[in-house]
Amino acid sequence: MSSSSYVGGVGGGEARDYGDHFVLPAAPAQRSLWFVCQLDPSSNAAYNVCSAVRLVGELDVVLLQRAVNAVVARHESLRTGVGLVDGDPRQVVLPEALVPLPVVDCSGLPEDGARARVTVLAREQAAMPFALDAPPLLRLVLVKESERRHTLLVTIHHLVCDSWSMDVFYADLAAAYRGLCAGGDAGLVEPPVQYADYVGWLERQLTGERMESLLEYWRTALAGTAPLKLPVDRPREQRGGAGGRLEERLDAATVAGLEGLAKDSGGTLFMTLLTGFMAALSRVTGQEDVAVGTPVAGRHHPDAEQLVGFFANTLVLRARLAPHQGFARAAEVVRDACVGAFSHDRMPFDRLVQEVRRAGALDRNPLFDVMFSMPGPPAPGAELAGLTMTQVELPVTAAKFDLWLTVLPDGDGLRLQLDYDRGLYDEPTAAGVLELYRRILLEAPAAPGTPVGALPAGPSGGPGSVPTAAPADGCTVPQLLDVRGADDVVLSSADAVLTLGELREWSAALARRLRAEGIAGPGVRVTTPPVPSAGLLAVVLAVFEVGASVGYGQRHDRAGAFVRRAEDEPGGWLITTGPRFDPAAPAVPGPDDPAWQPADGGPALTHRALVAGLTAVAERLGVTADDDVLLLDGGTPPSPVHLLMPLVHARSLMLSGLDPAPAGPPSAFVLADPPTWRRALTDGWAPPAGTRLVCVGEVLEPDLVDMLARTGLPVVLGRPAPAPLAVPPALAPLDAWRGRRLGPPLPGTAHLLLDALGGPVPDGVVGELHLATAAGPGVPVGLRCRRTRDDALEVVGPGAGWLAVGDRGVRAAEVEQALRAVPGVRDAAVTTDADRRLIAWLVPDPTVPAGTERERDAFAAMVRARAGTALPGSAARAVLGVLDALPTAPDGTPDRGALPPPPAQVPSGPVEKTPPRNGEERRTLAIFQEVLGRPAVGVHDDFFGLGGYSLLAAKLLSRVRAEFGIQVPVRDFFRRPTPAGLAEALAELERARDRRPTSDQAVLAQLADMSDEEIDQLLRHLN
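The rules we used
Every chain is numbered independently, its residues counted from 1 as its sequence is written. Given that this is a predicted model, residues contribute local features only at a pLDDT of at least 70 and side-chain atom pairs are listed and counted only at 80 or more, while totals for whole chains, interfaces and linings are drawn from all residues. No hydrogens and no water enter the side-chain calculation; it runs on all heavy atoms of the structure. Each pair of strands is called paired provided DSSP finds at least two bridges between the two strands. Strands here are runs of E lasting at least two residues and helices are runs of H or I lasting at least four, both read from the DSSP assignment and numbered beginning at the N terminus. Angles shown run from 0 to 180 degrees and are taken between the N-to-C directions of axes, each axis being a line fitted to C-alpha atoms and, for helices, limited to the stretch in contact. Whether two residues are in contact is decided by their heavy atoms: any pair within 4.5 Å suffices. For every residue, the accessible area obtained with a 1.4 Å probe (protein chains only) is divided by the maximum for its type, and the residue is called buried under 20%, exposed over 50%, and partly exposed between those limits. The directions considered for the arc are those from the helix axis to the C-beta atoms. pLDDT: the predictor's confidence for each residue, scored from 0 to 100. Call a crossover right-handed when, viewed with both strands pointing away from you, the route from the first strand across the helix to the second goes clockwise. Stacked, edge-to-face and tilted are the three classes for Phe, Tyr and Trp ring pairs, Trp counted by its six-membered ring, which pair at centre distances within 6.5 Å; planes under 30 degrees apart are stacked, over 60 edge-to-face, the rest tilted. Working rule: Lys NZ or Arg CZ, within 6 Å of ring centre, within 35 degrees of ring normal, means a charge sits over the ring.

## Some thoughts on the sheet that holds strand 2 (residues 48-57)
In a beta sheet, neighbouring strands pair by backbone hydrogen bonds and run either parallel or antiparallel.
Right, so step 1: The sheet built from 6 strands is open, its strands ordered 5-6-7-2-13-12 with mixed pairing. Each having just a single partner strand, strand 5 (103-105) and strand 12 (382-384) make up the two edges of the open sheet. Going across the sheet, the axis of each strand differs from the next one's by a mean of 25°, ignoring polarity.
Right, so step 2: Across 6 bridges, strand 2 lies against strand 13 (residues 387-392) in antiparallel orientation. Counterpart to Arg54 in the pairing with strand 13 is Thr390.
Right, so step 3: With respect to the sheet, helix 2 (residues 61-74) is in contact with strand 2, strand 5 and strand 6 (138-146), its orientation differing from that of strand 6 by roughly 160°.

## Points about the sheet that holds strand 38 (residues 879-882)
Right, so step 1: Taken in spatial order, the 3 strands make up an open sheet running 36-37-38, and their pairing is mixed. On the outer flanks of this sheet lie strand 36 (825-832) and strand 38, each paired with one strand and no other. When strand polarity is set aside, the average angle formed by the axes of neighbouring strands in this sheet is 25°.
Right, so step 2: As judged from the 4 bridges shared by strand 37 (residues 838-844) and strand 38, these two strands associate in the parallel manner. In the strand pairing of strand 38, Ala840 is matched with Leu880.
Right, so step 3: Strands strand 36 and strand 37 of the sheet are contacted by helix 20 (residues 812-820), whose axis makes an angle of about 150° with strand 36.

## Let's talk about helix 17 (residues 674-682)
Right, so step 1: Taken as a whole, helix 17 has its buried residues at Pro674, Thr676, Trp677, Ala680 and Leu681. Along the axis of helix 17, the buried positions cluster into a sector of 160°, meaning they face one direction only.
Right, so step 2: Looking at the buried positions of helix 17, the neighbouring elements they touch are strand 24 (628-633), strand 26 (669-672), strand 27 (692-695) and helix 18 (702-709).
Right, so step 3: Looking one or two residues past helix 17, Gly684 carries a phi angle of roughly 90°, positive in sign.

## Some remarks on the confidence of the model for the chain
Right, so step 1: For the chain, per-residue confidence averages 82 on the pLDDT scale, and 84% of positions sit at 70 or higher.
Right, so step 2: Strand 20 (residues 562-565) is the least confidently modelled element of the chain, averaging 43 in pLDDT, while helix 8 (residues 269-285) averages 97, the highest of any element.
Right, so step 3: With pLDDT under 50 throughout, residues 576-580 is counted as low confidence; its partners more than four residues away or in other chains account for 18 contacts.
Right, so step 4: Predicted confidence for residues 1018-1023 stays below pLDDT 50, and this span has 2 contacts to residues more than four positions away or in other chains.

## Regarding the pairing of strand 25 (residues 652-657)
Right, so step 1: For strand 25, the tally of buried residues reaches 5 of 6 residues, placing the bulk of the element in the interior.
Right, so step 2: Both strand 24 and strand 25 contribute to a ladder of 6 bridges, which runs parallel. Opposite Asp633, over in strand 25, you have Gly657 as the bridge partner.
Right, so step 3: Following the backbone out of strand 24, through helix 16 (residues 640-649) and into the adjacent parallel strand 25, one traces a crossover that is right-handed.

## Some remarks on the packing of aromatic side chains
Right, so step 1: Evaluated as defined, the whole model comprises 18 aromatic pairs.
Right, so step 2: Connected via pairs of aromatic rings, a cluster forms that spans Phe270, Phe277, Phe342, Phe372 and Tyr437.
Right, so step 3: Lying over the aromatic face of Phe130, Arg139 brings its terminal NZ or CZ to 4.1 Å of the ring centre.

This is the structure:
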């Protein structure tokens, strides 16, 4: 045996003595997989490698058992486990081992019954976990189906084998059986090297400049990878369950077309098939940046081909598929990604995970959630003495990843096999992904120039049906108000308390003044300070009455409603004070005349659109003429829909700020935007009992939703619509928001999901959300969604050109334009990170000194100071970096997806310095400092934020066990990876241990539940 002679050690968890084992270093892949199984014990059986061969002919079971023993003796890996020794996972190898060959006799069953029994046994064997530190990690079952037909079930844990190893195992088994049948021995000689020798060789290979070169490539290749937003049916906490399998077939003609496409792109069929799969993933997630894993043999050692062991490595294949990029061009991008990855395939995956740490959670695999593979054809059947051995395909039993797409040869075509995690996906959802992939492969060869974002084609028949007009469509806002009586509505605000009739009189007087000043007609635009008040409503109604359009402008300190020409508004007017002008002729607005001018300078909302919005919102909320509405003012200009809707549909409208708290009668509805709700609930303001809370406006964060839910009142949430619209995309109850669903469109509107070419998308595919009304065509709303199987719309993220920054949706182009306006900035591009911070990359012009790090920092600080309010959200949270040039897309525009990861910056918040508060925290803090090698650690510092990684966590928990005598489960530590959290976990485990009954208590408790007769019987048995 060519293994090291190191012996001894005690593993973590349950104490185990390895005195009769060889203890050897574990391979990087073994260490990684061992940790996965510790983190999620239910995944242990998911990594069972299950296979079967059918033996037809005269079988000698005794010789088959001897052949198995010979194979186990030849391959050290088949006598190997992995256990924790001195804080590190190590190989523990038995010098020799015998693996039994139990026989299950099903020969008395019909043929179908026998084969069904084989399937049942295969599932049972596959679902049974191994004790990873108790080798051998190999199980065999021989099923006798008839006198001349047997099936051998072989289960080996992936820690000690891979798919290549199974071919080696069966080849050696066949050779050994043939030798024994010939009357000699098995004839299996000692291999030149064993797996442990390969591990040592690999460690020597991956050092120095070679490892640094690999690290440099992979750090660059995987910088900024993000998890795929896959269309799961259940929370990710339920992953890792049973596996399901679906299949589709590609015929010879389709395969020929794909091979031609591969040739034209300079790649292989594997690369073209991968391009199609990445395109399908991009379509169902709405993400351009797609990363999938693929297995590689990893047998670089010249003597490794005939060894059993865990040689296989995993590569991450990452490509960016821009929606407007043609499929042929995308295939070239994927080709380049594959060439780069496969030329650096010696990088151990576990080391890669350590080096390219991605912010994630326990419910995700590191770096990717989806696998793609294209293995070669199965090994041909073998001839034994009087027997034929052929492979048997077994049903999938467990899911290692969310999705695993395997492409297999199938005659003159290909078989597409999708394994999926049934804990996450219902079968129809997984089938939708596979069907989408199949359709892309069918359509791409015929039209390789079709943009990836338009494959496959959506349903025929146009982008969607025209929505039914709202009941009040065709009116103007003044006409709607004319229907109501003068005393029907009461307006209450800090500056006045008015009936609707009094408000209309005020606005009519102001309208006469406007006409006298020459302000009237649909070509005139008026702006007014956005101060919620009775005066604001009077101005808005007056502008409507003279046929002009209104919008928000600058705040001012002057009272009254006078006018002057706005210097920064060509052709527009600002209500303040000013000179007189010639009177204007009376003008009556029509339904298609502009009514409201958005603040961002976009197209004006017509009276028709504004009326549709008022009607739709009132109908969805259920506002009646008996309801009172409270509109809270938190400093953000109110939407015209929310400002005017109560005047048209409710009994009263109260405009109030939070200081002082609003007083008056309880309201049926309280409306406010997210910042106002956050401030109100944080300051302890309690909404009136019996009201419904409506949160409107910008992007909502989960913590604010929780604050609203804790009021115990009904909550309605408006989905964010970054684009200026009269009608919001949706108003839905709390549960719909938590499920990221829009719910049905508001009355008079329709939701359209369109692809990169403006066509409809298939169900389950992400598209840009457009809101169509009877008044006009669909308008993009700045959201991307996909339609679920129950016909709901699930929100995936901001639309093209939009970024979610904190609580706000912002246009990337507008922020970039503002940054380019700062002197010294030649170009700029912005994106966001996982924390929704704005990341701005700046290119200085040649006149700016930016050659050193100090000069670049000074330049970034200057831009931050001068940009001011151009940066949305908190300017302190924005991260600015400096580049010599921006990456560009093929059309010459900035390629935001190719921007580097955020530059390191000094944290804006205080450094964690909380000292330990008790003895347990002092001890766990000391262990953190020892394992991490850091002298300064606070009790709330995150282990992984301080540079820790998975295997270092195992070492820390081993140190904890030695210190406290308690084994903390890995998963518990990952939930609270701080010294304080670890101390709490230890305290909980100790309390649980103290609550366990002693042996005497357990016996007394058992006796208490037994009858006198049962106790007498027990005593007689003991005597």
